[in-house]
Amino acid sequence: MFEDLERERQGEEGLVRRNERRDERSGQERFWAEFAQQQGHDLVRCVAGSMRRVGWRVDPVELAELVQEVYCRVLDGRFPDAVVDWPAPQLWAYLNRIARSVVV
């Protein structure tokens, strides 16, 4: 009897944790969607700058693919949870590092 109650309690706690993670993830996804809409052009410029720094000619097709890869890396969920609270310079430093990594 107590085992059933304990399992039920653990199941409820697990459900709460999953819901919290889902809410947190959806908040981060909203943040990145808004970011892409508002500052996507600047991210394209950031990737193009990284391409130039390593000596690549900026081809629009390659640039689009690399920008897409940056977004994929950002959205895969391995970024820090607190990224939504970072000041703009710290966020751009993080994105520049990702862009440079993708280009290299």
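Residues numbered from 1 in each chain as written. Predicted model: local features only at pLDDT ≥ 70, side-chain atom pairs only at ≥ 80, totals over all residues. Heavy atoms only, no water.

A short note on helix α2 (residues 60-75)
Keep this limit in mind: Where helices and strands are cited, they refer to DSSP runs of H or I of at least four residues and of E of at least two residues respectively, numbered from the N terminus. To estimate the expected span of a helix, count its residues, drop one, and scale the result by 1.5 Å. Under the scheme applied here, a residue whose accessible area is under 20% of the maximum for its type counts as buried, over 50% as exposed, and between as partly exposed, the area being computed with a 1.4 Å probe on protein chains only. Each C-beta atom gives one direction from the helix axis, and the arc is the one those directions make.
For α2, built from 16 residues, the straight-helix expectation of 22 Å at 1.5 Å per residue is met to within 8% by its first-to-last C-alpha distance of 22 Å. Of all the residues in α2, the buried ones are Leu63, Leu66, Val67, Val70 and Val74. Angularly, the buried residues of α2 cover 100° about the axis, an arc narrow enough to put them on a single face. The exposed set on the far side of α2, more than 90 degrees from its buried face, consists of Val61, Glu65 and Gln68.

With respect to the environment of alanine 64
Mapped onto the secondary structure, alanine 64 falls in helix α2. Put simply, alanine 64 and alanine 48 are 16 residues apart on the chain and 9.6 Å apart in space, counted from C-alpha to C-alpha.

Digging into helix α3 (residues 88-103)
Its 16 residues place the ends of α3 22 Å apart at the C-alpha level, agreeing with the 22 Å of an ideal helix rising 1.5 Å per residue. Taken together, the buried positions of α3 are Leu91, Trp92, Tyr94, Leu95, Ile98, Ala99, Val102 and Val103.

Regarding the nonpolar core
Quick note on the threshold: Definition used in this section: a nonpolar core is a set of buried Ala, Val, Leu, Ile, Met, Phe, Trp, Tyr and Cys residues joined via side-chain atoms within 4.5 Å.
Counting residues in hydrophobic clusters, the biggest one holds 21 residues, and the most contacted among them are Trp32, Val47, Val70, Leu95 and Ile98. Counting only elements with at least two residues in this core, the list comes to α1 (2-53), α2 and α3. A per-element tally of this core places α3 first, with 8 residues.

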